[in-house]
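Overview (structure and organization)
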Amino acid sequence: MYSLRGQENIPREVLRLKAIYPGSFDPITYGHIDIFERASKIFDHVTILLMNNPRKRPLFSIDERLEMIKESTKEFKNVDVKVHTGLLVQYVKSSSIKIVIRGLRALEDFEYEFEMALTNRQMCPELEVVYLMTDLKYLFVSSSMVKEIAQFGGELSKWAPPFVEKELQRKFRR
Ligand code: PNS
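Thresholds, definitions, all that
Residues numbered from 1 in each chain as written. Predicted model: local features only at pLDDT ≥ 70, side-chain atom pairs only at ≥ 80, totals over all residues. Heavy atoms only, no water. Core = buried A, V, L, I, M, F, W, Y, C linked by side-chain atoms within 4.5 Å. Buried < 20%, exposed > 50% of the residue type's maximum accessible area, 1.4 Å probe, protein only. Helix = DSSP H or I, 4+ residues; strand = E, 2+ residues; numbered from the N terminus. Contact = heavy atoms within 4.5 Å. Near = heavy atom within 4 Å. Polar contact = N/O pair within 3.5 Å; in protein donor to acceptor, adjacent residues only side chain to side chain. Areas by Shrake-Rupley, 256 points an atom, 1.4 Å probe, with all protein chains shown as cover. 1 Å grid on protein atoms, 1.4 Å probe; cavity = no way out; pocket = protein on both sides within 12 Å on 5 of 7 lines; lining within 4 Å. Sits in = over half its atoms within 2 Å of the grid points. Expected span 1.5 Å × (residues − 1). Salt bridge = Lys/Arg side-chain N within 4 Å of Asp/Glu carboxyl O.

Counting 32 residues, the largest nonpolar core has Tyr 21, Ile 28, Phe 36, Phe 43, Ile 48 and Ile 101 as the members making the most contacts within it. When contributions to this core are tallied by element, the ones reaching two or more residues are β1 (18-23), α1 (30-42), β2 (45-50), α2 (62-73), β3 (79-83), β4 (99-104), α5 (143-151) and α6 (162-173). Residue contacts for Ile 28: discarding those within four places in its chain leaves Ile 33, Phe 36, Met 68, Ile 69, Ser 72, Ala 160, Pro 161 and Val 164. Residues Val 89, Val 92, Val 100 and Val 129 belong to the second largest nonpolar core, which totals 13 residues.

Structure below.
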């Protein structure tokens, strides 16, 4: 028997476990792709939720980010992408999916994730956050880092897919 608040009596084989992977993905990197790929093996379905992070000024528009995520997920049968504006808890409350996935890298992520998870849980107690540790290869990969490297013409093939690199080059050529 699988236990999840409110679903304790539903057998695991009947309950289809779904999760939401929220983020600003500005732009998507191999670090994000590693997280949703691993999550897609744990959960029956993963929804990537593209949102704005009010603490960051995005380089790419929502449509541009959405296109890059779609390109990254096209091989994955149980991963889809949705856009949401507003609070994460508003989406969770309106959805039947209550599990949120976040990737965790070094210590600075922890403080931010801790604050976000506890604040979100106060607003939406049924929300449960599952953290996946980054792969060692992506410990220091972030969207900010790839933007910085791209800005100065650096090579990105280890950290972001070729179509993302192309979009970054296009942005910084302007
Ligand atoms: O990829 P990011 O930038 O780390 O993602 C952060 C994100 C988008 C998940 C976070 O900023 C968020 O949830 N934004 C929506 C607004 C919200 O719910 N804020 C309350 C957080 S305590």
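Turning our eyes to something else, we now look at the site of the ligand. Surveying the vicinity of the ligand reveals 15 residues, the closest of which are Ser 24, Asn 53, Lys 56, Leu 88 and Arg 102. The contact in question runs from an oxygen atom of the ligand to an N or O atom on the side chain of Ser 24, over 2.5 Å. Between the ligand and Arg 102, the relevant distance is 2.9 Å, taken from an oxygen atom to a side-chain nitrogen or oxygen of the residue. If the ligand stood free it would expose 550 Å²; the protein chains cover 87% of that surface. Assessed atom by atom at 2 Å from the grid points, the ligand resides in the largest pocket. Per element, the largest residue contribution to the shell around the ligand is 4 residues, and it comes from helix α4 (residues 107-123).

Attention now goes to α6. With 12 residues, α6 ought to run about 16 Å at 1.5 Å a step, and its terminal C-alpha atoms sit 16 Å apart, in line with that. Along its buried surface, α6 packs onto α2 and α5.

A word on the pattern of salt bridges. Using the criterion set out here, one finds 14 salt bridges in the structure. Between Lys 41 and Glu 37 there is a salt bridge, with the nearest N and O atoms lying 3.9 Å from each other. Note that Lys 41 and Glu 37 are positioned in helix α1 at a spacing of 4 residues, about one turn of the helix. Overall, Glu 37 belongs to the partly exposed group, its relative accessible area being 31%. Each of the salt bridges in this network shares a partner with another, and the network as a whole consists of Glu 64, Glu 167, Arg 170 and Lys 171.

Honestly, it's all geometry; don't read function into it.
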